[in-house]
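# Structural features, examined
Single-letter residue listing:
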Amino acid sequence: MKVNLKIRSLLLISFFISLIGNFLDYIDVLNRDTNPLITYSFMLLPVAVGIIPIWQSLYRKNNLKYLIGLRTGIFLFISFIVISIIRSQQSGTLPNLFWGEAIRLMIPFIYTFLFLNFLSVHDIELFMKFGLIIALVAFFLSTNFSAITLNNILSISFLNSYSPFENSEVSFLSFALATFFIYYKNKFPICTILAMLLVVLTFKRVYVLGILLLFIASMNFFKRIKIKRWVLYISSITWILLVKFYMFLLNPINYNLGLEKFHFDVVNFSMNRAFRVWYLIQHNYLSGGLTSTTKFLQNNLFFNGTTLELDLIKILMEIGIVGVIIFIICYYRIVGRSLYAYLLISIMLLQFLMASGVNGYLEMSIVLITVALSNYENPYLLDNYRIKIPFLF
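The next subject is the nonpolar core. With 131 residues, the main nonpolar core has Phe127, Phe175, Ile313 and Phe327 as its most contacted residues. Contact partners of Phe127, with chain neighbours within four places excluded, come to Leu12, Phe15, Phe16, Leu19, Phe115, Leu362 and Ile366.

Let us now look at the packing of aromatic side chains. On inspection of all chains with the given rule, the structure shows 30 aromatic pairs. A centroid spacing of 5.3 Å and a plane angle of 80° characterise the contact between Phe180 and Phe181, whose relative ring orientation is edge-to-face. Taken individually, Phe180 and Phe181 each receive the classification buried, so the pair is uniform in this respect. Centre to centre, the rings of Tyr332 and Tyr342 are 5.7 Å apart; their planes meet at 25°, and the pair counts as stacked. Here Tyr342 lies in helix H18 (residues 339–354) and Tyr332 lies in helix H17 (residues 321–333), a separation of 10 residues in the sequence. On the basis of relative accessibility, which here comes to 16%, the residue Tyr342 falls in the buried class. Taken together, Phe15, Phe16, Tyr111, Phe115, Phe127, Phe130 and Tyr361 form an aromatic cluster joined through their ring pairs. Stacked on the ring of Tyr376, the Lys or Arg Lys65 has its end atom at 5.4 Å from the ring centre. Between the NZ or CZ atom of Lys185 and the centre of the ring of Phe215, over which it lies, the distance is 5.5 Å.

Attention now goes to a positive patch on the surface. On the surface, a cluster of positive charge is contributed by Lys226, Lys228, Arg229 and Arg337. By secondary structure assignment, the location of Lys228 is in the loop between helix H10 (220–223) and helix H11 (229–250). You can call Lys228 partly exposed: its relative accessible area is 47%.

Next up on the list: the side chain of Asn167. As for its position among the elements, Asn167 is in the loop between helix H6 (150–154) and helix H7 (171–183). Judged by its relative accessible area of 4%, Asn167 falls in the buried class. Engagement of the side chain of Asn167 in a polar contact is seen with the side chain of Ser142, the distance being 2.8 Å. Only 3.1 Å separates the side chain of Asn167 from the side chain of Thr143, close enough to count as a polar contact. If we skip the residues at most four places from it in the chain, Asn167 touches Phe139, Ser142, Thr143, Thr202 and Lys204.

It is at 11 Å that the axes of helix H5 (residues 121–142) and helix H8 (residues 189–202) come closest, and there the two elements cross at 35°. Every pair of crossing elements has a handedness; the one defined by H5 and H8 is left-handed. Facing Lys129, Leu132, Ala135, Leu136 and Phe139 of H5, the residues of H8 in contact are Cys191, Leu194, Ala195, Leu198, Leu201 and Thr202. By residue class, the composition of the contact of H5 with H8 is 9 nonpolar, 1 polar and 1 charged.

Thresholds, definitions, all that
Residues numbered from 1 in each chain as written. Predicted model: local features only at pLDDT ≥ 70, side-chain atom pairs only at ≥ 80, totals over all residues. Heavy atoms only, no water. Core = buried A, V, L, I, M, F, W, Y, C linked by side-chain atoms within 4.5 Å. Buried < 20%, exposed > 50% of the residue type's maximum accessible area, 1.4 Å probe, protein only. Contact = heavy atoms within 4.5 Å. Phe/Tyr/Trp six-rings, centres within 6.5 Å; stacked < 30°, edge-to-face > 60°. Helix = DSSP H or I, 4+ residues; strand = E, 2+ residues; numbered from the N terminus. Lys NZ or Arg CZ within 6 Å of the ring centre and 35° of its normal. Patch = residues over 30% accessible without salt bridge, like charges linked within 9 Å, V, L, I, M, F, W, Y side chains within 5 Å. Areas by Shrake-Rupley, 256 points an atom, 1.4 Å probe, with all protein chains shown as cover. Salt bridge = Lys/Arg side-chain N within 4 Å of Asp/Glu carboxyl O. Lys, Arg positive; Asp, Glu negative; His and termini not counted. Charge placed at Lys NZ, Arg CZ, Asp CG, Glu CD. Polar contact = N/O pair within 3.5 Å; in protein donor to acceptor, adjacent residues only side chain to side chain. Axes fitted to C-alpha atoms, helices over the stretch in contact; angles between N-to-C directions. Left-handed = near helix turned anticlockwise from the far one by under 90°. Nonpolar A, V, L, I, M, F, W, Y, C, P; charged D, E, K, R; others polar.

What follows is the structure, encoded as structure tokens:
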């Protein structure tokens, strides 16, 4: 869709500013927890600018892409807000503290909508390249290379998840960018290599394995494969059951059972995050909606400043099983017919089960943009992504 050049440039600049805001957070110049007003200003700036072309499109009655995705994001936002309000009233906590987290869940869908409708392919590519530069610079600035020795390097272990280069600040951004460049690896071979190398250096196991799987899926043979609706149904049910089973193993009363029956040490597997779940359960945590586990953990000096991190478990404890079902269905709903998109969303669900990432609005935006483009830009799918489908899928 044609957009006024000035408005398009203004929108692209606003996304660059948002990216720079995240960069300042990566290198600890800006702390999102102590400076929420500045953080949300960076986050909402593109949305505010995007109101202009949206209004113009509605006035001109232009056909817009990604309406299914946008409606999905809005539904996710409203559902979590309503459930959070109900739970906060039941527990007697203040309902105004979870709005920020709910907004972070919806922002990626809005960003993707703005990118696909009001920016050109060249603009998107330019943003991704700038993002890669930001990620590389942030990695080198936030990594203490002076403390790295030869013994550290020789002690690198994938099984134990240890590397002296491990970097939690830019790991998600590097993975998100890698998913985009891998899909367009023939067009951007250098960027693909750099992005994949950065993912390996930041050393997050799910991301490392993920980019290898996606690299294979990006080959033309696999681009021809169309995902069937029944695959999405079965996958959704499987993930919902996995979340419940993992929560069962995380319950402290089942710790010995996990060791004896499954030879599975949930504490080691969760990188000690299980202790946070134990604390919540053993101290009679009562859900007050989104952010309530974080507030509960902050009452303990040992856990102060941390979050549960296990995103899907966090949703289960804060919103309940209905929240988990809604979340998983919403994300599989935007997969379309692309195998690449299906695998990418599945990898993200695995990351959300084992660690965190849901609140990374910019990184999730890049992931959702890649998911959408793997449908819109795939000639083998014959425009199936534009078909209006029922709510579930």
